[in-house]
Amino acid sequence: MKLGVVGLGQAGGKIVDALLEYDQRTNSHIVHDALAVNTATADLNALEHVPADARVLIGQSQVGGQGVGGDNELGATITTEDITEIQHVIDTIPVHEIDAFLLVAALGGGTGSGALPVVGRHLKQLYTEPVYGLGILPSTNEGGLYSLNAARSSQTAVRELDNLLVFDNDAHRQANESLTGGYTAINRELATRLGVLFGVGDIDMGTANPESVVDASEIINTLKGGGVSTLGYASQPLDEENGAESAGLLSRFTSGSSPDSAGGTNRITSLVRRATLGRLTLPVEPANVSIDRGLVIVAGPSDSLTRKGIERGRTWVEEQTGCLSIRGGDYPLPESNTVAVVVLFSGISGADRLRELRSVGSEAQTTNSERAGSSDRHLESILGDDADELDSLF
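Residues numbered from 1 in each chain as written. Predicted model: local features only at pLDDT ≥ 70, side-chain atom pairs only at ≥ 80, totals over all residues. Heavy atoms only, no water.

*Asks:* Any chance you could explain the overall build of the chain here in plain terms?
*Replies:* Regarding its fold elements, the chain presents 15 helices and ten strands. Evaluated residue by residue, the chain yields a buried proportion of 54% over its 394 residues. Long-range pairs, those at least 24 residues apart, make up 82% of the contacts in the chain with a sequence separation of at least 6. As displayed, the chain has an accessible area near 16600 Å², and 46% of this comes from carbon and sulfur atoms. (Helix = DSSP H or I, 4+ residues; strand = E, 2+ residues; numbered from the N terminus. Buried < 20%, exposed > 50% of the residue type's maximum accessible area, 1.4 Å probe, protein only. Contact = heavy atoms within 4.5 Å. Areas by Shrake-Rupley, 256 points an atom, 1.4 Å probe, with all protein chains shown as cover.)

In structure tokens:
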């Protein structure tokens, strides 16, 4: 699946940078083109993989390259006023060669939080390709303002985008990990998950032997219908099992199946369970929320991918979620020594983390005089005739 990726704000740019690094390291070819948009010059200069001519500084007349200081109303205003500058760079992308846009932003900050729904709406007005968002939730210790920003931004983004994939920082940071080190590791992990998800279908049929290939249309169909999505991931290096193979000799004879078939099926079903019940990007218990659609992808060398394992894993996810629209398939990677599973759940409702976010954001709004009940009038005074466009964000 070929993506036009847009990083919005500091975190959005860093994640796009990590995705480009993954793309180059693994030769996965999922990022067709990438750009970064920010109101802070230093953040754009810190990027390592986004090309210099694809870095767009907006809001120079308002904030002089210093950022918006967590003010997502100002971030939305600047993006609306400078959308033409962003479009100039997007015009260099051969859009007919991409399958979708992916907009990446931290929902709690200022620039990315405000820009996400603005850019999403703009792209959907111009192009027929799907426009997806990747929204990063703030940590709970970042305070009420960030929760308020995230609640407003996510509410609007869900309405403006074709789908919003949510990533919760709190669920993935390790205890006692430094802030910088933690986010670097998170960005790398997130890039891996996205790489496996959007890399499906890019198969060399001369070296791969697919069982039931997943392609770009399966991803698009799973994300179709909008709403919020979450992504699960689990992997296992094949050499971890070398020491256990001899111990399992008796079970091979009694199973009536070939070693690869029996071992491959068990490995896949175990990884599907771990991906589903482990650390999802948006933490949910699949049995306790409503899920409209799902996709199970198993990636690895062809001789480790079994149709029986994929179908058994897909059926197990269907039973766990109560969702009858679970697709499944494989992604052969002949040169890989790892089997990995990605599970995508789309159209989620009833997530406790989002309820908590709205609750904290609502409390912050009532205690913050600058952002209290007059927020709609304040927005109108800033945006004038364009106020209706972002009314739900504020």
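*Asks:* Just to check I follow, could you spell out helix 4 (residues 72–81) for this structure?
*Replies:* It helps to recall that an α-helix has 3.6 residues per turn; residues three or four apart then point in one direction. Burial of helix 4 is extensive: eight of the ten residues sit out of reach of the surface. Along helix 4, the residues classified as buried are Asn72, Glu73, Gly75, Ala76, Thr77, Ile78, Thr79 and Thr80. In this structure Asp71 caps helix 4, since a side-chain oxygen of it lies 3.1 Å from the backbone nitrogen of Glu73. (Polar contact = N/O pair within 3.5 Å; in protein donor to acceptor, adjacent residues only side chain to side chain.)

*Asks:* Would you explain the sheet that holds strand 5 (residues 131–137) in this entry?
*Replies:* Across a sheet, strands are paired by hydrogen bonds formed along the backbone, either parallel or antiparallel in direction. Pairing is mixed across the open sheet formed by ten strands, whose spatial order is 3-2-1-4-5-6-7-10-8-9. Two strands in the sheet have a free side with no partner beyond their single neighbour: strand 3 (55–57) and strand 9 (326–332). The average angle at which neighbouring strand axes cross in this sheet is 20°, direction not considered. Sheet analysis places strand 5 next to strand 6 (residues 163–168), joined by six bridges and oriented parallel. (Pairing = 2+ DSSP bridges. Axes fitted to C-alpha atoms, helices over the stretch in contact; angles between N-to-C directions.)

*Asks:* What am I meant to see in empty space enclosed by the protein here?
*Replies:* To find leftover empty space, one rolls a probe the size of a water molecule over the atoms. For the coordinates displayed, the defined rule picks out one cavity of 30 Å³ or more. When contributions to the lining of the largest cavity are tallied by element, the ones reaching two or more residues are strand 5, strand 6 and helix 8 (179–199). (1 Å grid on protein atoms, 1.4 Å probe; cavity = no way out; pocket = protein on both sides within 12 Å on 5 of 7 lines; lining within 4 Å. Points joined across faces, edges and corners; volume = space filled by probe spheres on them.)

*Asks:* I would appreciate a short explanation of the pairing of strand 8 (residues 293–300) in the present structure.
*Replies:* Remember that side chains alternate between the two faces of the sheet whenever the strand is regular. Along strand 8, eight of the eight residues are buried, which leaves the element largely enclosed by surrounding structure. Going residue by residue along strand 8, you find Arg293, Leu295, Ile297 and Ala299 tucked away on one face and Gly294, Val296, Val298 and Gly300 tucked away on the opposite face as well. Sheet analysis places strand 8 next to strand 10 (residues 338–346), joined by seven bridges and oriented antiparallel. Paired with Gly294 across the strands is Phe345, a residue of strand 10. Note that strand 8 and strand 9 share seven bridges and pair parallel. When the bridges of strand 9 are listed, Gly294 appears paired with Ile326. The parallel pair strand 8 and strand 9 is bridged by helix 13 (residues 307–321), and the resulting crossover is right-handed. (Right-handed = clockwise from strand over helix to strand, strands pointing away.)

*Asks:* Looking at this model, I keep getting lost on the pattern of salt bridges. Mind explaining?
*Replies:* Where charged atoms of side chains with opposite charge meet at close range, the side chains can pair. Summed over the entire model, instances satisfying the criterion amount to 13 salt bridges. Asp162 serves as the salt-bridge partner of Lys124, at 3.0 Å between the closest nitrogen and oxygen. You can see Lys124 sitting in helix 6 (residues 111–126) and its partner Asp162 sitting in the loop between helix 7 (144–160) and strand 6, a full 38 residues away along the chain. Between Glu318 and Arg314 there is a salt bridge; the shortest N-O distance is 3.0 Å. Residue Glu318 and its partner Arg314 are located together in helix 13, separated by four residues, close to a single helical turn. Overlapping salt bridges, with partners in common, bring together Asp168, Asp170, Arg353 and Glu356 in one network. (Salt bridge = Lys/Arg side-chain N within 4 Å of Asp/Glu carboxyl O.)

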